[in-house]
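Chain and residue survey
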Amino acid sequence: VAVTQQGEAMGWDKVLIATGGAPYIPDIQGVRKKGVFTLRSLTDAQEILTRIPEVKNVVIIGGGLLGLEAGHALIKQGKKVTVLEYAHRILPRQLDAQGAELLMEKMVGLGFQFHTGTAAKEFTGEEQVTGVIASSGAMIPADMVLISAGIRPVTVLAETAKIPCKNGIPIAATMETQTPGVFAAGDCASFNGTIHGIWATGIEQGRIAGLNMCGKPTEYKEPAFSTMLKVTGTYLGSVGDVDAEERQDSVIR
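Quick summary incoming for the structure in this document. (Residues numbered from 1 in each chain as written. Predicted model: local features only at pLDDT ≥ 70, side-chain atom pairs only at ≥ 80, totals over all residues. Heavy atoms only, no water.)

**Brief notes about the sheet that holds strand S9 (residues 120-124)**
- Strands sit in the order S9-S10-S11 across an open sheet of 3 strands; the sheet is antiparallel. Here the strands that pair on one side only, and so sit at the sheet edges, are S9 and strand S11 (139-141). Shown here is a sheet whose adjacent strand axes are inclined to one another by a mean of 25 degrees, direction ignored.
- Both strand S10 (residues 131-134) and S11 contribute to a ladder of 3 bridges, which runs antiparallel. The residue of S11 that forms the bridge with Val-132 is Ile-140. (Pairing = 2+ DSSP bridges. Helix = DSSP H or I, 4+ residues; strand = E, 2+ residues; numbered from the N terminus. Axes fitted to C-alpha atoms, helices over the stretch in contact; angles between N-to-C directions.)

Structure, rendered in C-alpha cells:
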C-alpha cells in the first residue's frame, strides 16, 4: 500500500520511484547567508534574476557544466565572475588536463576568473554574503554565490520503504530495485554504482522502467556518457570515458 501525505491509501501492483536529485550543498561556514544560491529549480532561477540588478561580483562554487554556463550568462549581464573548482582543472569529468587548459584560456578571454585546486572555506558577511575565503587563503569579494557542486539522490521515500540504498537506489538492468515490484529511474537511481545526473539518462531509464512495468521485458544498456558545452563560442563535446585521472596513455589527440 502507498500512503500519501494526506493519509490516502492506494494499492499497487508496480511502483516507480522517480524522486530525482537535490543540489549538493557543501558544509561551508556561512552557507546559509542571504545571496548564496543553488540552481536547480525555476524558483532558484527567479530568485537569482531578482537579485542580479544589485550584484557586481559573483563567485561560482564548482567548475562543471552548469556552473560555467550560468557564469557565462552572468558575465553577459556585466557581472565579474570567479569560479572555484576543487579539482585542478575545470570540467574534471569531461576533459583531460590539456583540453581543460585550452578551454580555460578561452574562458578567461570571455571574462572568467578561475581558482582551481581550491575549495570555499567560508562565506563572509553578516546576514548578506560579502565574500568567499578559499582554502588557498584567497579572499574573493562576492555579492552573490552560486553553488554548483553536483547533486545527491533523493532517497528518503525509498529508505522509508526499507529499500536498500547506497549512493542512490540500486537498480538492475530492468530498472527494478532490490524490492520486487518496485522500480526506480533518473537522478535517484544508481545503475552499476553510477548516477549520471543528466536529462538523457533519466529519459531512457524511465522508458525502460515503463516497458518492464507494463510486462514487456527490456534491459537498459548504458549509453556512452556524453555532454556538450556551448557558451564559449567554441562547441565542446565530450563522449565516453575521458580517463580524467590519466591512468591510460592517449592514442589520438
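**With respect to the sheet that holds strand S7 (residues 80-85)**
- Sheet architecture is open: 5 strands sit in the order S5-S12-S6-S7-S8, paired in parallel fashion. Strands with a single pairing partner mark the edges of an open sheet, and in this sheet they are strand S5 (36-38) and strand S8 (112-116). With direction set aside, neighbouring strand axes in the sheet form an average angle of 20 degrees.
- The pairing of S5 with strand S12 (residues 144-147) spans 3 bridges and is parallel. Bridged to Phe-37 within S12 is Leu-146.

By themselves, these figures tell us nothing about what the structure is for.
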